[in-house]
Amino acid sequence: MTKTALANPEEPRRSGKSKLRDGVMKRGKTWSYVIRVTDPETGISKPKWVGGFPDEASAKEARDEARVKARRGEYIDRNAITVAEYLDQWLDAHAVEIRPRTLASYRTMIRLYVTPHIGGLRLQAVRPARITKLYRDLLTGGGEEGKTLGISTVSRTHAILRKAFGDAVLVDELIPSNPVERAKRPKAALNEPGAVWTTGQLRTYLAVVRRHRLFAFYHLAAYTGARRGELLNLRWSSLDLDAKQITISGSTGVIAGERIEGATKSGRSRVVSIDDETVTVLREHRKAQAADKLLVGERWRGTEDGYVFATGWGDPIHPDSVGALMTKTIRAHNKPKEGPRPAEPLPHARVHDLRHIHATTLLLAGVPVHIVAARLGHADPAITLRVYAHVVRSAEVAAADVFARVMNEAA
């Protein structure tokens, strides 16, 4: 497919028997059409030639469609870029906006699940039905070595393609509409975070881990709902203990075993308020870290604006360490080397479950969803509503009783 702009659309590019008739002419073995398109930035009308059509009828059909789009300001030049080529460019362009760990995940999923199936197609030739077929193929053996994929993996693939093709429409203006939006994808079962711990069990855990040098990390995770990577990325300059608030502006992850820093999941920073008890915990933690620095002396490896949570030498903490320590602490509590075992052992929990406990506790206490969403760093309260729908439903039941009680009291 080729396209060539001529200074005068009424004059064919080369002499010969073929003549331009109503914007269509035969050029060699194929047919071409020409229309005038107004540049939206300059307002100047220029001719656009598009060729490669097998016959006059198909050229005229494409010409008529192009004329309508040109009048609406929706004309898009034909482009031979493939899906694989565009996705490579899209990933490179978004490398600074997407968290390193997320970017690595995008690259892997595109390489394994998209490129082998539709990577060779022209971006402009992809239709919703082809995306739907991609999902079917992935579910029935589209993984590595013909393995079937789960609905959650296909749903993540769908989310990546929706973003990429959406930018092809709105940012790069290569396609008129997003075929991924109209594709039929498998419906995943609602995955609601379970109530791993009660608030009482959380208090028990914090009491158990109180003696560890990273106690402040788990306390802050539970009392702010911040993500693991966000807390491990905190510097002391991010804390304003007098104003009782912390600023979360970045995150830390792991890629191929290496600690990597990047933006938050939403790409935006946020300020989270903290209570008096948490302020005290952080002040004590800062004193303990200062004692570590004095003990190590010149061998201290931390910077002037060091990490809030660091090793005894001042190095940043590897994200996997806090998860491993949490598991070890729970096991030690449940099966102590000395003394009796607890009457009610703690269920296994992850660092991320502290975030769920924070959100669930606030929602059940009647804190507005948009406030909870802001603390969690959700870009839209609708995300909070979707993730914690079960909590909102239980609060709804209680709301009916509250209304009835108020009405009875007013009678």
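None of the values given here were measured: they were computed from a predicted structure. (Residues numbered from 1 in each chain as written. Predicted model: local features only at pLDDT ≥ 70, side-chain atom pairs only at ≥ 80, totals over all residues. Heavy atoms only, no water.)

Trainee: What is the right way to look at the overall build of the protein chain in this model?
Mentor: Each helix and strand in the protein chain was counted, giving 14 helices and 8 strands. Expressed as a percentage of its 411 residues, the buried residues of the protein chain come to 40%. Carbon and sulfur atoms make up 52% of the accessible area of the protein chain, which totals about 23500 Å². (Helix = DSSP H or I, 4+ residues; strand = E, 2+ residues; numbered from the N terminus. Buried < 20%, exposed > 50% of the residue type's maximum accessible area, 1.4 Å probe, protein only. Areas by Shrake-Rupley, 256 points an atom, 1.4 Å probe, with all protein chains shown as cover.)

Trainee: What should I look at first to understand a positive patch on the surface in this one?
Mentor: A cluster of basic residues, Arg162, Lys163, Arg185, Lys187, Lys265 and Arg386, forms a positive patch at the surface. Its location among the elements puts Lys187 in the loop between α5 (151–170) and α6 (199–208). In this structure Lys187 comes out as exposed when scored by relative accessible area, which is 69%. (Patch = residues over 30% accessible without salt bridge, like charges linked within 9 Å, V, L, I, M, F, W, Y side chains within 5 Å. Salt bridge = Lys/Arg side-chain N within 4 Å of Asp/Glu carboxyl O. Lys, Arg positive; Asp, Glu negative; His and termini not counted. Charge placed at Lys NZ, Arg CZ, Asp CG, Glu CD.)

Trainee: Help me understand helix α2 (residues 83–93), please; the structure alone is not making it clear to me.
Mentor: Think of an α-helix as 3.6 residues a turn; residues three or four steps apart then line up on the same face. The complete set of buried residues in α2 reads Val83, Ala84, Tyr86, Leu87, Trp90 and Leu91. The buried residues of α2 occupy an angular sector of 160 degrees when projected down its axis, which confines them to one face. In this fold, the buried residues of α2 make contact with α3 (100–118) and α5. (Arc of directions from axis to C-beta. Contact = heavy atoms within 4.5 Å.)

Trainee: Explain the packing of α2 against α3 here, please?
Mentor: What describes two packed helices is the angle between their axes and the distance between those same axes. The N-to-C vectors of α2 and α3 enclose an angle of 175 degrees; their axes lie 10 Å apart at closest approach. Overall, the two elements α2 and α3 adopt an arrangement that is roughly antiparallel. Two secondary-structure elements touch here, α2 through Val83, Ala84, Leu87, Trp90, Leu91 and Asp92 and α3 through Leu103, Tyr106, Arg107, Ile110, Val114, Thr115 and Ile118. For the contact of α2 with α3, a count of residues per class yields 10 nonpolar, 1 polar and 2 charged. (Axes fitted to C-alpha atoms, helices over the stretch in contact; angles between N-to-C directions. Parallel < 35°, antiparallel > 145°, perpendicular 65-115°, else oblique. Nonpolar A, V, L, I, M, F, W, Y, C, P; charged D, E, K, R; others polar.)

Trainee: What's the story with the side chain of His378 in this structure? I'm lost.
Mentor: Within the secondary structure layout, His378 lies in the loop between α12 (369–376) and α13 (381–387). Among the residues examined, His378 registers a relative accessible area of 16% and is labelled buried. There is a polar contact of 3.5 Å between the side chain of His378 and the side chain of Arg355. Sequence-distant contacts of His378, defined by excluding residues within four places in its chain, comprise Arg227, Arg355, Ala373, Ile383, Thr384 and Tyr388. (Polar contact = N/O pair within 3.5 Å; in protein donor to acceptor, adjacent residues only side chain to side chain.)

Trainee: Which parts of the structure should I look at to understand the sheet that holds strand β5 (residues 245–248)?
Mentor: Strands in a sheet are paired, the pairing made by backbone hydrogen bonds, and the direction either parallel or antiparallel. Spatial strand order, β4-β5-β8: 3 strands in an open sheet with antiparallel pairing. Each end of this open sheet is capped by a strand with a single partner; those strands are β4 (239–240) and β8 (270–273). (Pairing = 2+ DSSP bridges.)

Trainee: What is the right way to look at the pattern of salt bridges in this model?
Mentor: Side chains that carry opposite charge are capable of pairing whenever their charged atoms lie near each other. The full count for this structure, using the stated rule, is 16 salt bridges. Its salt-bridge partner being Lys133, residue Asp137 comes within 3.0 Å of it at the nearest N-O pair. Residue Asp137 and its partner Lys133 are located together in helix α4 (residues 128–139), separated by 4 residues, close to a single helical turn. Asp137 sits in the partly exposed class, given a relative accessible area of 22%. Judged by relative accessible area, which is 35%, Lys133 ranks as partly exposed. The residue Asp276 makes a salt bridge to Lys244 at a minimum N-O spacing of 3.0 Å. Here Asp276, found in helix α9 (residues 276–296), pairs with Lys244, found in the loop between β4 and β5; they are 32 residues apart in sequence, far enough to count as distant. Take Lys244: its relative accessible area is 32%, and that puts it in the partly exposed class.

Trainee: Honestly, the packing of α4 against α5 in this entry has me stumped. Any pointers?
Mentor: Viewed as axis vectors pointing N to C, α4 and α5 meet at an angle of 150 degrees, and their least axial separation amounts to 10 Å. By the angle between their axes, α4 is roughly antiparallel relative to α5. As for the relative orientation of α4 and α5, their crossing is right-handed in sense. Together, Leu134, Tyr135, Leu138 and Leu139 of α4 and Ile151, Val154, Thr157, His158 and Leu161 of α5 make up the contact between the two elements. Tallied by class, residues from the contact of α4 with α5 come to 7 nonpolar, 2 polar and no charged. (Left-handed = near helix turned anticlockwise from the far one by under 90°.)

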